[in-house]
Amino acid sequence: MTLHENEIPIDEALVRSLLETQRPEWADLPLSPAGAGTDNIMYRLGDDLLVRLPRTAGTGRSVRKEQEWLPRLAPLLACPVPEHVHAGTPSSAFPLVWSVHRWIDGDEAGPDTVRDWSAFGADLAAVVRELHGADLMGATRTDDLSWYRGGSLRPCDQWVSRCFEDCRTTEGLDLDVETLERLWRTALALPEPSGPHVWLHGDLKPTNLLVREGRLRAVIDFGGLSVGFPDAEHATLWDLPPRARQAYWNTLALDEPTWVRARAWAIAVGVGGISYYWHTYPAFVAECRARLQAILADADAR
């Protein structure tokens, strides 16, 4: 499934060739697909390893960022995060960096894996509090650590407005775009965030939250790692049931402006995903639509 115009083809034969060249001791281990997101493609290698390859040059920079910062952040976090065991180097076969991680057992967060959504929301809030409180270790909001989700909303208004228009004209979408745009503009009218910059995961959606025995086990995919304002970190809460969302809010004692800005970030990512992936990635479009419908339902309830 090709998602981007500048995407690099990746298949099992490519992964085998990279291993044969750079880690021949792993080249004969069993290899099987382990998922594909908008930015990376993964293969399970043997019982204990995961190969992670970026789809484009832009996401290659995210992989390099993970390689640099995750080994330094991991000791500061109680929750398990990916452990790098090999930093793949660019080659004629694959011109980008790539990674091999330790495999982390667990299932995607969802109704069949989470036992208590209130406890899950509180556990996730504890992870976020710990990450946001971690020492920046000299990192600043520059270069690859300056991802847009750690900034302010206003610079995004132009492209988000285009996405609203795309959603209005997308046949069969069946979404209350007018209300979503009103909620977006409500957040734009708020003062800019003014707190200190913190470490941000950037994409704490259910597919990046692993569950074991009903509880949050690990956080994966730090490709969106950045330094910035924390508002957008809370945006994926609308991917979880209301009980998890409320427990998260209560645990972190978030104020109303932060919540309104977080909701706006969730709207931006949702309409952006529908606009960009409508014809190429229906599963991701469904995720975006479900998030936006949850926002609308939550706004009615509040």
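Below is a short write-up of the structure. Because the structure is a prediction, the values reported are computed rather than measured.

### Overview of the overall build of the protein chain
Next, step 1: Within the protein chain, the secondary structure is distributed over 8 helices and 10 strands.
Next, step 2: Relative to the 2.2 N^0.38 estimate, which gives 19 Å for 302 residues, the radius of gyration of the protein chain is 19 Å and therefore close to what a compact globule would have.
Next, step 3: Seen through its C-alpha atoms, the protein chain measures out along the principal axes to roughly 55 × 40 × 40 Å.
Next, step 4: The buried share among the 302 residues of the protein chain stands at 53%.
Next, step 5: Long-range contacts, defined as pairs at least 24 residues apart, comprise 70% of the intrachain contacts of the protein chain with a sequence gap of at least 6.
Next, step 6: Summed over all atoms, the accessible surface of the protein chain reaches about 13700 Å², with 50% contributed by carbon and sulfur.
Next, step 7: Charged side chains of the protein chain number 30 positive and 43 negative; the gap between the two group centres comes to 3 Å.

### Some words on the packing of helix 3 (residues 117-132) against helix 6 (residues 242-252)
Next, step 1: It is at 7 Å that the axes of helix 3 and helix 6 come closest, and there the two elements cross at 40 degrees. By the angle between their directions, the pair helix 3 and helix 6 is classed as oblique. Between helix 3 and helix 6 lies a crossing whose hand is right-handed. Contacts between helix 3 and helix 6 involve Trp117, Ser118, Gly121, Ala122, Leu124, Ala125, Val128 and Arg129 from the former and Arg243, Ala244, Ala247, Tyr248, Thr251 and Leu252 from the latter.
Next, step 2: Along the lines of polarity and charge, the residues of the contact of helix 3 with helix 6 split into 9 nonpolar, 3 polar and 2 charged.

### A closer look at the pattern of salt bridges
Next, step 1: Within this structure, the stated rule accounts for 18 salt bridges.
Next, step 2: One salt bridge connects Glu287 with Lys205, and the closest N-O pair in it is separated by 3.8 Å. Of this pair, Glu287 sits in helix 8 (residues 282-301) while Lys205 is found in the loop between strand 7 (198-200) and strand 8 (209-212), placing the two residues 82 residues apart along the sequence.
Next, step 3: Each member of the salt-bridge network shares a partner with another, and the members are Asp157, Glu165, Arg168, Glu178, Glu181 and Arg185.

### Section: the side chain of Glu66
Next, step 1: Within the secondary structure, Glu66 sits in helix 2 (residues 57-73).
Next, step 2: Looking at Glu66, the relative accessible area reads 0%, which means it is buried.
Next, step 3: With near-sequence residues (within four places) excluded, Glu66 lies in contact with Arg52, Pro71, His84, Asp221, Phe222 and Gly223.

### As for the environment of Arg61
Next, step 1: Relative to the helices and strands, Arg61 is located in helix 2.
Next, step 2: Residue Arg61 is classed as partly exposed on the basis of its relative accessible area, which comes to 47%.
Next, step 3: Linking Arg61 and Leu153, residues 92 residues apart in sequence, is a C-alpha distance of 24 Å.

### Looking at the side chain of Arg149
Next, step 1: The residue Arg149 is located in the loop between helix 3 and helix 4 (157-168) in this model.
Next, step 2: Note on Arg149: relative accessible area 13%, which makes it buried.
Next, step 3: Here Gly202 takes part through its backbone oxygen, which lies 2.9 Å from a polar atom of the side chain of Arg149.
Next, step 4: Residue contacts for Arg149: discarding those within four places in its chain leaves Gly202, Asp203, Phe229, Ala232, Trp265 and Val269.

### What about helix 5 (residues 177-188)?
Next, step 1: Compared with the 16 Å implied by 1.5 Å per residue over 12 residues, the 16 Å span of helix 5 between its first and last C-alpha is a close match.
Next, step 2: Listed as buried for helix 5 are Val177, Thr179, Leu180, Glu181, Leu183, Trp184, Ala187 and Leu188.
Next, step 3: Against the buried residues of helix 5 lie helix 4, helix 7 (256-277) and helix 8.

### Details of the nonpolar core
Next, step 1: Residues Phe120, Trp184 and Trp199 are the most contacted members of the largest nonpolar core, which totals 71 residues.
Next, step 2: Counting residues per element, this core draws most heavily on helix 7, which supplies 11 residues.
Next, step 3: Each residue touching Trp184, except ones within four places of it in the same chain, is listed here: Leu153, Cys156, Asp157, Val160, Phe164, Ala264, Ile267 and Ala268.
Next, step 4: Judged by nonpolar contacts, the second largest core, of 19 residues, contains Val15, Ile41, Val51 and Val100.

### Things to note about the pairing of strand 8
As a general feature of sheets, a regular strand has side chains that alternate between the two faces.
Next, step 1: Pairing of strand 6 (residues 107-108) with strand 8, which is carried by 2 bridges, proceeds in the antiparallel orientation. Within the sheet, the bridge partner assigned to Asp107 lies in strand 8 and is Val211.
Next, step 2: With 4 bridges joining them, strand 8 and strand 9 (residues 215-219) adopt antiparallel strand pairing. By the bridge assignment, Arg212 is partnered in strand 9 with Arg215.
Next, step 3: The antiparallel pairing of strand 8 with strand 9 creates a hairpin that spans 2 residues between the two strands, and Glu213 there sits at a positive phi of about 55 degrees.

The rules behind each value
Residues numbered from 1 in each chain as written. Predicted model: local features only at pLDDT ≥ 70, side-chain atom pairs only at ≥ 80, totals over all residues. Heavy atoms only, no water. Helix = DSSP H or I, 4+ residues; strand = E, 2+ residues; numbered from the N terminus. Rg over C-alpha atoms; globule rule 2.2 N^0.38 Å. Buried < 20%, exposed > 50% of the residue type's maximum accessible area, 1.4 Å probe, protein only. Contact = heavy atoms within 4.5 Å. Areas by Shrake-Rupley, 256 points an atom, 1.4 Å probe, with all protein chains shown as cover. Lys, Arg positive; Asp, Glu negative; His and termini not counted. Charge placed at Lys NZ, Arg CZ, Asp CG, Glu CD. Axes fitted to C-alpha atoms, helices over the stretch in contact; angles between N-to-C directions. Parallel < 35°, antiparallel > 145°, perpendicular 65-115°, else oblique. Left-handed = near helix turned anticlockwise from the far one by under 90°. Nonpolar A, V, L, I, M, F, W, Y, C, P; charged D, E, K, R; others polar. Salt bridge = Lys/Arg side-chain N within 4 Å of Asp/Glu carboxyl O. Polar contact = N/O pair within 3.5 Å; in protein donor to acceptor, adjacent residues only side chain to side chain. Expected span 1.5 Å × (residues − 1). Core = buried A, V, L, I, M, F, W, Y, C linked by side-chain atoms within 4.5 Å. Pairing = 2+ DSSP bridges.

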